[in-house]
Amino acid sequence: MCMSDVAAGMLKWSFTTGNWARSPVLSLDLSTVYVGSLDDHLYALEAATGSKKWDFNTGFWVDSTPVISPVGPTIYVGSGEGAVFGPGSGPVDNGTFYAIEAATGKKKWDAPSGILISSSPVLSLDGSTVFVGERSNYLSAYDAVNGSKRWAFQANGPVWSSPTLSADGSVVYIGSLADPDDDSNLYAIHTATGLKQWNFTAGGWVVGQPALSPDGSTVYVGASDNNLYAVDAATGIMRWSFATWGRIDRKLAISPGGTTVYAVSNGPSTDNLYAVDAATGLKKWSFLPDDPSSRRSLQSAIVQWSYSSSPVLSPDGSTVYFGSQDFHLHAVDAATGSKMSNFTTGAWVASTPALPPDGAVVCVGSNDHNVYAVWADPKAHDTTIPCPHKE
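Residues numbered from 1 in each chain as written. Predicted model: local features only at pLDDT ≥ 70, side-chain atom pairs only at ≥ 80, totals over all residues. Heavy atoms only, no water.

Participant: Sorry if this is basic, but what is going on with unusual backbone geometry here?
Facilitator: The phi angle of most residues is negative, glycine excepted, and most peptide bonds adopt the trans form. The omega angle of the peptide bond from Gly72 to Pro73 is -15°, so this bond is cis rather than trans. Its location among the elements puts Pro73 in the loop between strand E6 (67–69) and strand E7 (74–82). A positive phi angle is found at Asn226, which is not glycine, with a value near 80°. Positionally, Asn226 belongs in the loop between strand E19 (218–222) and strand E20 (227–232). On the basis of relative accessible area, Asn226 is assigned to the partly exposed category, the value being 24%. (Helix = DSSP H or I, 4+ residues; strand = E, 2+ residues; numbered from the N terminus. Buried < 20%, exposed > 50% of the residue type's maximum accessible area, 1.4 Å probe, protein only.)

Structure (structure tokens):
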């Protein structure tokens, strides 16, 4: 597919996978984009051109977002199979957690979990331990060098959520989900022992990754009961809640000064972006993309339980980027909520964008099977639009 309908200068490059492209990450030296796909592969792409360096075949979906350790460097990522998007959606099986050489794509070790891993891992501050949620109801801590399991904490339900580490590395925060209509929990777990410090019970599934205030005193998390919660990081006591019009199943973004929380809620026909006062829980503004009803009807019925995109701030905090059911990557003014620009793909953008420190390029995956690198300031780039790289 050549992107002839894309405004000149907006697209830097694109790469075509064999299925939905998930959330990309950049290598530590910014030369490589790593991204998983539901075509059972993890890809390493040249950040400058989008050409493929290597791919690693897990045999099953790579729904997890990779994390990169400077030791090696090494990539950690989960995989698995099954219809994963909601209640009654069928079995999920054959989950495996991998450590992969970042330079070559060769496997260093794997740890079978028996069930799909869609959680994105996080490393301990010293890089010796990697934490990941597992749909077998566990948060597991693995030795980063050899893959041996150090401990596993059993939650009250499957752990779809990705973990978040406290600033001092002593606590990991993660969510879980219970049976439909049951409450689910946000947990604070001691990283050294795997013992629970506290849990907060929300009114719905806690699927999204928790986010911390810059001072580490507050944990923010969304839930499937359509609420955004602020919870005391030391005690687990709720400080406030904010009601949106759809479930919040992804990570939140926090402004550089910690004054604003940005959340994407996934409604029945579109996604809303909210800016909420971090201290009070009051709405500052909301952004509703253009009516996507005609496009939404083209999606499979399974997408009603697909993840939405997480909001991501530009390095200077001035712009919020997020993907939407309306097939767009949106750029929104972080202060006012006004539309700045959008980039059109061929399907739902359920991927979370990734940006380099200079904020010049936004990388994102789409359910049209493509990974895109888009210029953040399209007016500064007037280039010939290439066709996607293909397998």
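Let us keep going from here.
Participant: How do you make sense of the nonpolar core when you look at a structure like this?
Facilitator: The nonpolar side chains of a soluble globular protein tend to be buried with one another. Among the nonpolar cores identified, the biggest contains 15 residues, and Tyr173, Leu186, Trp198, Phe200 and Tyr229 are the most heavily contacted of them. Mapped by element, the contributors of at least two residues to this core are strand E15 (171–175), strand E16 (184–190), strand E17 (196–202), E19 and E20. In terms of residue count, E17 provides more of this core than any other element does, 3 residues in total. Dropping the residues within four chain positions of it, Phe200 is found in contact with Ser184, Asn185, Leu186, Tyr229, Val231, Gly236 and Met238. (Core = buried A, V, L, I, M, F, W, Y, C linked by side-chain atoms within 4.5 Å. Contact = heavy atoms within 4.5 Å.)

Participant: Explanation requested: the sheet that holds strand E22 (residues 253–254) in the structure shown.
Facilitator: Strand pairing within a sheet occurs via backbone hydrogen bonds; the two strands may be parallel or antiparallel. Reading across from one edge, E22-E23-E24-E25 is the order of the 4 strands in this open sheet, with antiparallel pairing throughout. The strands lining the two open edges of the sheet, one partner per strand, are E22 and strand E25 (283–287). The pairing of strand E24 (residues 271–277) with E25 spans 4 bridges and is classified as antiparallel. Residue pairing for E25: Ala275 is matched across the bridge by Trp285. (Pairing = 2+ DSSP bridges.)

Participant: Would you mind showing me how to read the environment of Gly281 here?
Facilitator: As for its position among the elements, Gly281 is in the loop between E24 and E25. Taking the relative accessible area as the measure of exposure, Gly281 reaches 6% and is therefore buried. In the structure, Gly281 is positioned 51 residues away from Ala230 in sequence and 7.9 Å away in space, judged by C-alpha atoms.

Participant: Explanation requested: the sheet that holds E17 in the structure shown.
Facilitator: Taken in spatial order, the 4 strands make up an open sheet running E14-E15-E16-E17, and their pairing is antiparallel. Every interior strand has two partners, whereas the edge strands, strand E14 (164–165) and E17, have only one. Alignment of E16 against E17, held across 6 bridges, turns out to be antiparallel. Note that in E17 the partner of Leu186 across the bridge is Phe200.

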